[in-house]
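# Geometric and topological summary
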Amino acid sequence: MTIDAASVATMRIAGVTKMFGTVRALDEIDLELGPGVTGLLGPNGSGKSTLLKLISGQLRPDTGTVRVEGLDPFAQPEVFARLGLCPEQDKFYEEQTGEAFVTALTRLHGYGAREAKARAQAALARVGMTEHMRKPIRAMSRGMRQRTKIAQAIAHDPPIVLLDEPLTGTDPLGRADLIALVRALGQEGRCVVVSSHVLHEVEAMTHQVVLVRYGRLRAQGDIGRLRALLDDRPYRFRIEVGRPRALAAALIALPHVQATEVVGESALELTTTDLMALCRALPGEAARLGLVIDQLGSPDADLESLYRYLIE
Amino acid sequence: MLLALHGVSKRFGALQALRDVTCELDGRAVGLLGPNGAGKTTLMRACLGLLTPDAGEVRVLGIDARRDPGAVRMRLGYAAEGPHRIPGLSGLESVAYAGELCGLSRRTALLRAHEILDLVGLDEARQRPVEEYSTGMHQRVKLGMALVHDPELLMLDEPTSGLDPGNRDELLQLLVRLREGDGPAVLLSTHLLHDVERVCDTCIIMDRGQVRYAGSLEQLRARMGDDEHVLRGEGDLAGLASALAQAGHAVAPGERPDALRVRLIPGHGPEAIWRAAQAVGASLWQVQRRGQRLEDAFMAAIDGGGAEHRGEERARS
Amino acid sequence: MKDQVFSVGYRRLPGDRPRRWAPWPIARTALALAWRKRSTKLGVVLCAMSVFGHGIAIAAQVLAERVMGRMGDRDGPGVMRDVLRSVVGNVHATLATFIGMQMIACAFLLAMVAAGLVAEDRRTGAMELYFSRPLRRRDYVVGKLLAAGLVPLVTLVVPFSLLWLAAVGMAPARASQELMGLLLPGLLGAVVAAVVLTTTILGLSALGERGRTVGVIYVVGMLVLTSAGADLPRHGQAWAGYLSPLRNVQTLADAALDAGSTGMLMQLLISRPDTNPSVTLAVLCLLGLAGLGMALLLWRVRTEVAG
């Protein structure tokens, strides 16, 4: 399942606002997404699901435009052939088997019975459900239901895949597989949007994220670069090394290092505004002093910290 | 001793939910791990005396759960998975009611409910009816109901499911505080290994109704062998990986796209990493030694339990 | 003053906890929740109106009795006294009618208050909440019986006693003596009615999943049984009278209170249920119904939880 490079998937959201009665769900959202995996993050009720519903044409924006490959998903149902959606709700025809369910939904995209069945089986195999696809959905565990929903989203080989909380209820074994699957979908050149609450899992899928808060965009882009943009939050950094005092004296001379603190006999903590510059300079400084750095790392350089700083 | 199970079995029709489970557990915070259908919830319900095992003995805090479920439940706080609630009651009333059912007087129960809701962080919303609550508020109320009668063991079934990162973080922090304090010990059933790593010191790994591991997290990791280094950085990471591999170190991709895991040849120190990084021009911002990932240990425990199959859920990709 | 920062962390609950009687919080909470609904208040108003109406009737009857007493002194055996009595009726019959009529009002109220007591617990998962507490099945059953039972107690048994007290207080000395003996038999009838109402609504609630549905089925079921019990005997099917719980209760109440004619005035105002020929059979039918409800309730609790 690969797609030709000519049809690069893109979606464009411009000035989109959506209200539900007096509740503001989305406010002036501008967003462009290309191929690859994008993590969609935010607290409950921040508008993530609304955004996915707008993209998949289930809702119409009050103002602004949504374009998926140049088409309006609400008005032009041709979009649906190019789009796969794994919704958050856990609703099925419980008596159907997984295979029948995916086949039926694939047929809705205009495939013949045989082709649809072949595609359904291929998609179910991809999510690792071959063994269980003839069970009625009623008898499936939460993780299997989740996989079936994902299979349904990718069976018609869409260049755009929207996954709303795809990992809920799957166990650790299943999670690792699904993460690998999402990464693979992105590497095939599809535009994959994944909303999730579990940040380290998003980090395992992609480094490109969109953060929403109270219906407004809070940040978008590469996790590492976004973190570097937060000037008011210098990186905390910890180095474990033999003679911390000597290294501290050398490092405080660097322009981007704001403070150093010696912790015990073998560790050094510092704050810096430019993590990468520090890391480029560090091996040289250590070598000059004849020190071997045992461990180093920044406790607040990951997505979890970014999320905390931006959302809370 | 928190839990002591001897030869516990339970069958539901064709499904063998628990298969001769024997384990003894102690600790301040226990993680209960396992794939879907491993029997985690069945185990907890057996501890509460909510179901009677077909065979075997369940002792909770030294009490036989089958013979005296009342005494067990008095000393146990249980929060089930799912949206259990009493519609119409406010969060405060729900928690106070739970306390009254455990024998507190109405006045004590109300005061205690306020105190517990302060602790779990449900503020002005505590006077609103529970059916208006969000998932996060609801989880807090369930936790409050489990804590109100000052149990000795808190049993939580998937308490972080459906929570957003902020709420999840707060809940886990609270559990860590409970572990550190002199309050109840915690037993936490979850799918999220990260939650267990953050909160727990002990864990049980179950698969298909059997216990694959029961003991401290530290030992579980130690079983997996040597420490490894996690590297993250910028520049030619692929080059760094092949340089390290050429020198004979074991290199594996990390959990994140920009990470590497390296197991150095015994006797080699981190200077091997620095040398290789210098050579290929990669600058590293993380070089951290750590024990085995819980995830690997978990997989190994489930694989190594003599089962030819990895859990029901395992995908073959 | 000593400088001190107080911790706000988890505190142990000090002191021992005596084991309290668990059914009471269960019943109190259920009733408090029911009281928050507007329909419950409407039902209570309905019941209160019925009490008020019978109270007026009894007052009229007692006053008539006083008037007749005075007439008797002057005229000797009078036609007037018989006429007055046949119009106004006697207190015995009114008290017996009250038990029957109040049973209908109370059934409506119970359908609003108690229909969800077990059904909603299963639907919302509250059952799980209850039984993860140190509750025995018995505590739960007693709690629910108490919650449902308090409704007919307050709207049927207690008002009956009050009406009786009013009648005794207002009646002339001679009649008052005779009325004194009515309390225990009357209470017996009222309590049987209350027990039947309580157990049937809870038994039905144990079968259903949704309070509203259970309430509607309860009211419709009661109406069907009552009208079948009223109409079929008129067409020669005398046995069908025992189908109607209302008719059975009325049979019991009339027998217990030794009721005579209700009087024309009362007959104009309300259509009083007919009675069945055999009191014993009526009581057996009532007890059977109550037993069925109780059995359903116990069966449900037993299947829902072990231990």
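Residues numbered from 1 in each chain as written. Chains lettered and ligands numbered in written order. Predicted model: local features only at pLDDT ≥ 70, side-chain atom pairs only at ≥ 80, totals over all residues. Heavy atoms only, no water.

## So, the overall build of chain B
A tally of regular secondary structure across chain B gives eleven helices and 14 strands. Evaluated residue by residue, chain B yields a buried proportion of 60% over its 317 residues. Restricting to contacts in chain B with at least 6 residues of sequence separation, those with at least 24 account for 67%. Total accessible area on chain B stands at roughly 11,800 Å², and carbon and sulfur atoms take up 48% of it. Here chain B holds 38 positive side-chain charges and 44 negative ones, and the gap between their average locations is 3 Å. (Helix = DSSP H or I, 4+ residues; strand = E, 2+ residues; numbered from the N terminus. Buried < 20%, exposed > 50% of the residue type's maximum accessible area, 1.4 Å probe, protein only. Contact = heavy atoms within 4.5 Å. Areas by Shrake-Rupley, 256 points an atom, 1.4 Å probe, with all protein chains shown as cover. Lys, Arg positive; Asp, Glu negative; His and termini not counted. Charge placed at Lys NZ, Arg CZ, Asp CG, Glu CD.)

## A look at the packing of aromatic side chains
Per the stated rule, a full pass over the model turns up four aromatic pairs over all chains. With centroids separated by 5.9 Å and ring planes inclined at 85°, the aromatic side chains of Tyr97 of chain B and Tyr130 of chain C adopt a geometry described as edge-to-face. Pair noted here: Tyr97 of chain B is in helix 3 (residues 91–101) and Tyr130 of chain C is in helix 6 (residues 126–131), and the two residues belong to different chains. Considered together, Tyr97 of chain B and Tyr130 of chain C belong to a single accessibility category, that of buried residues. A centroid spacing of 5.4 Å and a plane angle of 65° characterise the contact between Tyr130 of chain C and Tyr140 of chain C, whose relative ring orientation is edge-to-face. Taken together, the residues span a long stretch of sequence, with Tyr130 of chain C in helix 6 and Tyr140 of chain C in helix 7 (residues 137–170) at a distance of ten residues. Here Tyr130 of chain C and Tyr140 of chain C have matching classes, each one buried. In textbook terms, an aromatic cluster arises when at least three aromatic residues are bridged by ring pairs, as seen for Tyr97 of chain B together with Tyr130, Phe131 and Tyr140 of chain C. (Phe/Tyr/Trp six-rings, centres within 6.5 Å; stacked < 30°, edge-to-face > 60°.)

## Observations regarding unusual backbone geometry
Not every positive phi belongs to a glycine, and Glu28 of chain A is a case in point at roughly 50°. Summarising the element assignment, Glu28 of chain A is placed in strand 2 (residues 23–33). When its relative accessible area of 46% is taken as the criterion, Glu28 of chain A is described as partly exposed. Positive phi values are uncommon outside glycine, yet Asp20 of chain B reaches one of about 50°. Inspection of the secondary structure assignment puts Asp20 of chain B in strand 2 (residues 15–25). The exposure class of Asp20 of chain B is exposed, given its relative accessible area of 54%.

## Here we look at the confidence of the model for chain C
In regions of low pLDDT, the predicted coordinates are not meant to be interpreted in detail. Residue and element names in this part refer to chain C. Taken residue by residue, chain C gives an average pLDDT of 84. The fraction at 70 or more is 91%. By mean pLDDT, the top-scoring element of chain C is helix 1 (residues 23–35) (92), and the lowest-scoring one is helix 12 (residues 264–269) (64). Reported for the predicted complex are a pTM of 0.77 and an ipTM of 0.85. (pLDDT = per-residue confidence, 0-100.)

## Side note on the packing of helix 3 of chain B against helix 1 of chain C
Direction vectors running N to C along helix 3 of chain B and helix 1 of chain C enclose 155°, while the axes themselves pass 8 Å from each other. On the basis of their axis angle, the class for helix 3 of chain B and helix 1 of chain C is roughly antiparallel. Judged by the twist between their axes, the crossing of helix 3 of chain B over helix 1 of chain C is left-handed. For the pair helix 3 of chain B and helix 1 of chain C, the contacting residues are Tyr97, Glu100 and Leu101 of chain B in the first and Pro25, Ile26, Arg28 and Thr29 of chain C in the second. Per-class residue counts for the contact of helix 3 of chain B with helix 1 of chain C are four nonpolar, one polar and two charged. (Axes fitted to C-alpha atoms, helices over the stretch in contact; angles between N-to-C directions. Parallel < 35°, antiparallel > 145°, perpendicular 65-115°, else oblique. Left-handed = near helix turned anticlockwise from the far one by under 90°. Nonpolar A, V, L, I, M, F, W, Y, C, P; charged D, E, K, R; others polar.)

## Section: helix 1 (residues 40–47) of chain B
All names here are of chain B. Burial within helix 1 is extensive, with seven of its eight residues counted as buried. What helix 1 keeps buried is the set Lys40, Thr42, Leu43, Met44, Arg45, Ala46 and Cys47. A positive phi of about 75° marks Gly49, the residue just after helix 1.

## Section: the interface of chain C and chain B
Each partner contributes residues to the interface: chain C has 29 residues there, and chain B has 44 residues. Summing the contributions of chain C and of chain B, the shared interface buries around 3,500 Å²; its carbon and sulfur component is 54%. Among the ionic pairs, Arg36 of chain C bridges to Glu93 of chain B, the shortest N-O distance being 2.5 Å. Connecting chain C to chain B are 20 residue pairs in polar contact (both at pLDDT 80 or more). Elements supplying a minimum of two residues to the side of chain C that touches chain B: helix 1 and helix 6 of chain C. Its residues assigned to classes, the side of chain C that touches chain B comprises 16 nonpolar, five polar and eight charged. (Buried area = accessible area lost by both parts, 1.4 Å probe. Salt bridge = Lys/Arg side-chain N within 4 Å of Asp/Glu carboxyl O. Polar contact = N/O pair within 3.5 Å; in protein donor to acceptor, adjacent residues only side chain to side chain.)

## Considering the side chain of Asp27 of chain A
Residue and element names in this part refer to chain A. Within the secondary structure, Asp27 is located in strand 2. At 3.3 Å, the side chain of Asp27 and the side chain of Arg24 are in polar contact. Within the structure, Asp27 has its side chain in polar contact with the side chain of Arg216 (distance 3.1 Å). Look past the residues within four positions of Asp27 in its chain and what remains in contact with it is Val16, Thr17, Gly215 and Arg216.

## Some thoughts on the pattern of salt bridges
Residues and elements named next belong to chain A. Considering all chains together, one arrives at 47 salt bridges over all chains under this definition. Across the salt bridge formed by Glu188 and Arg126, the nearest N and O atoms sit 2.5 Å from each other. Of this pair, Glu188 sits in the loop between helix 5 (172–187) and strand 7 (191–195) while Arg126 sits in helix 3 (residues 113–126), and the two are 62 residues apart along the sequence. Owing to a relative accessible area of 22%, Arg126 belongs among the partly exposed residues under this scheme.

## Brief notes about the sheet that holds strand 3 (residues 29–33) of chain B
All names here are of chain B. Spatially, 6-7-8-3-9-10 is the arrangement adopted by the six strands of the open sheet, whose pairing is mixed. Either end of the sheet is taken by a strand with one partner, and the two such strands are strand 6 (76–79) and strand 10 (210–216). Taking each pair of neighbouring strands and ignoring which way they run, the sheet shows an average axis angle of 15°. (Pairing = 2+ DSSP bridges.)

## Re the state of the cysteines
Inspection of every chain in the model, using the stated rule, returns zero disulfides over all chains. Note on Cys200 of chain B: no disulfide assigned, nearest cysteine sulfur contributed by Cys203 of chain B at a separation of 7.8 Å. (Disulfide = S-S within 2.5 Å.)

## Describing the arrangement of the chains
Contacts between protein chains span two pairs of chains, and they are most numerous for chains A and B. These two, chain A and chain C, are apart from each other, with no contact and a minimum C-alpha gap of 18 Å.

## Describing the interface of chain B and chain A
Facing 42 residues of chain B, the contacting portion of chain A comprises 45 residues. For the pair chain B and chain A, the summed buried area comes to about 3,900 Å², and 53% of that belongs to carbon and sulfur atoms. Taken together, the links from chain B to chain A amount to one salt bridge. For the salt bridge of Arg280 of chain A with Glu234 of chain B, the shortest nitrogen-to-oxygen distance reads 3.8 Å. On inspection of chain B and its partner chain A, the count reaches five residue pairs in polar contact (both at pLDDT 80 or more). Top element by residues in the side of chain B that touches chain A is strand 14 (residues 283–290) of chain B. It accounts for seven residues. Broken down by class, the residue content of the side of chain B that touches chain A amounts to 15 nonpolar, 13 polar and 14 charged.

## Describing the side chain of Asp157 of chain B
Residues and elements named next belong to chain B. Along the chain, Asp157 falls in strand 7 (residues 153–157). Despite its burial, Asp157 remains without a salt bridge, the nearest opposite charge being carried by Lys40 at 6.6 Å. Within polar-contact distance, the side chain of Asp157 engages the side chain of Thr41 at 3.0 Å. Side-chain polar atoms of Asp157 contact the side chain of Ser189, separated by 3.2 Å. Beyond its immediate sequence surroundings of up to four residues, Asp157 is in contact with Thr41, Met44, Tyr78, Ala79, Ala80, Glu81 and Ser189.

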